[in-house]
Amino acid sequence: MINLQGRIALVTGASQGIGRAVAIELARLGATVALAARNEAKLAEAVAEIESAGGQAAALSLDVASEDSIKSGAKAILERYGKVEILVNNAGITRDTLVLRMKRDDWDSVLATNLTGAFLLTQALLSPMLRNRWGRIINITSVVGRTGQAGQVNYAASKAGLIGITRSLAREVASRGITVNAVAPGYIETAMTSILDEKVRQAMLTQIPLGRAGTDKDIAQSVAFLASDAAAYITGHVLDVNGGMFMG
Ligand code: NDP
């Protein structure tokens, strides 16, 4: 049984979908969780759900595409808790279109949110983690960061970039008791994938040996494992949670 009692965690993109499920799972296992995103009403609702189940949580209004917001958000969370021991970089967006139609802003906004945001927030929270000599950094990448996907050069580049950050940082901080891993979800039913039409959805399902779409809980449980002491000897790893859709 995983026990995260006493740990301080921060999850970005925790207002809905995978991030919300991760926050709820980490809190269920005993961690105190800061839930970060832009939608304050949804954050408050998720915090209330955790608290009503007996967990400890706080909402943090944060825009990971803004360096100023990251600086002030990191400051606020460090003033409140002194450290963040488990950081889950989950916030992400898509702006899908074929490469010849892709606007510069489609590229910039996806890279800023999915990749630069994770880099800047990690940097802002790393010093206390290094001093503490214990830490878990978990980056939510995607199967698409490994395989590529037509219509997603921006998104796939951001997710492949997260794998590069994961493996490089894992080497930098290993001697301080900090592990850095990535979770690569396959096709998970959330708001992000609800925009896919039924034909595409059915085509995706035929590619999944386990025969079903994933759930946010499937991802949350993998993140909780990587955050735990049971995963102490795993670093620089990309954990595929995709029903067998891609076997790396
Ligand atoms: P959702 O669209 O349901 O949720 C995305 C979350 O990211 C929201 O909580 C949103 O909160 C937050 N977010 C977006 N932009 C920002 C920002 N600028 N600052 C702070 N938070 C932000 O997506 P999922 O739950 O499906 O996806 C979560 C992660 O998992 C993403 O990184 C995604 O790429 C990845 N993933 C998802 C897959 C899937 O099939 N669903 C497959 C592979 C990877 P708010 O709007 O309140 O800021």
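Up top you'll find the structure we're talking about.
Novice: I keep staring at the environment of serine 69 and nothing clicks. Help me out?
Specialist: In this structure, serine 69 sits in helix α3 (residues 67-81). A residue is classified by how much of its surface remains accessible, and serine 69, at 16% relative accessible area, is buried. In this structure the C-alpha to C-alpha distance between serine 69 and leucine 121, which are 52 residues apart in sequence, comes to 9.8 Å. Once residues within four sequence positions are removed from consideration, serine 69 is found in contact with Ser61, Leu62 and Asp63.

Novice: Sorry, what's going on with the packing of helix α1 (residues 17-28) against helix α9 (residues 216-227) here?
Specialist: Interaxial distance between α1 and α9 falls to 8 Å at its minimum, and their mutual angle equals 50°. With respect to their mutual orientation, α1 and α9 come out oblique. For α1 against α9, the interelement crossing comes out right-handed. Two secondary-structure elements touch here, α1 through Gly17, Ile18, Ala21, Val22, Glu25 and Leu26 and α9 through Asp216, Lys217, Ile219, Ala220, Gln221, Val223, Ala224 and Ala227.

Novice: Would you explain the pairing of strand β4 (residues 86-89) in this entry?
Specialist: Regular strands place side chains that alternate from one sheet face to the opposite one. Side chains of β4 alternate between two faces, with Ile86 and Val88 and Leu87 and Asn89 buried alike. For strand β1 (residues 8-12) and β4, the ladder comprises 3 bridges, and the chain directions are parallel. Looking across to β4, one finds that leucine 10 is bridged to leucine 87. Inspection of the sheet shows β4 paired to strand β5 (residues 135-140) by 4 bridges, in the parallel sense. Bridged to leucine 87 within β5 is isoleucine 137. For the crossover that starts at β4, traverses helix α4 (residues 104-132) and ends in the parallel β5, the hand is right-handed.

Novice: Where do I start with the pattern of salt bridges in this structure?
Specialist: Pairing of side chains with opposite charge becomes possible as their charged atoms draw close. What the rule picks out here adds up to 15 salt bridges. Aspartate 229 is the salt-bridge partner of arginine 136, the closest N and O atoms lying 4.0 Å from each other. Residue arginine 136 is located in strand β5, and its partner aspartate 229 is located in the loop between α9 and β7 (238-241); the two are separated by 93 residues in the primary sequence. As a salt-bridge pair, arginine 146 and aspartate 240 come within 3.1 Å of each other at their nearest N and O atoms. Of this pair, arginine 146 sits in helix α5 (residues 144-147) while aspartate 240 sits in strand β7, and the two are 94 residues apart along the sequence.

Parameters at a glance
Note that residues are indexed from 1 along each chain, following the sequence as it is written. With the structure being a predicted model, the display of local features is reserved for residues of pLDDT at least 70 and the display and counting of side-chain atom pairs for 80 or more, all residues being used for whole-chain, interface and lining totals. Neither water nor hydrogens contribute to the side-chain values; these are computed over all heavy atoms in the structure. A run of H or I in DSSP becomes a helix once it reaches four residues, and a run of E becomes a strand once it reaches two; helices and strands are each numbered from the N terminus. Residue exposure (1.4 Å probe, protein chains only): buried if accessible area is under 20% of the type maximum, exposed if over 50%, otherwise partly exposed. Residue contacts are defined here by distance: any two heavy atoms, one from each residue, within 4.5 Å place the two residues in contact. Helix axes use the C-alpha atoms of the stretch in contact, all axes being lines fitted to C-alpha atoms, and the angles between their N-to-C directions lie in the range 0 to 180 degrees. Any angle that is under 35 degrees is reported as roughly parallel, and any over 145 degrees as roughly antiparallel; angles of 65 to 115 degrees are reported as roughly perpendicular and all others as oblique. Note on convention: near helix rotated counterclockwise from far helix by under a right angle means a left-handed crossing. Clockwise means right-handed. By definition, two strands form a pair when at least two bridges between them are found by DSSP. Consider the strands pointing away from the viewer: the crossover is right-handed when the path from the first strand over the helix to the second runs clockwise. Basic side-chain nitrogens of Lys or Arg form a salt bridge, by our definition, when they fall within 4 Å of a carboxyl oxygen of Asp or Glu.

Coordinates in, geometry out; function isn't part of it.
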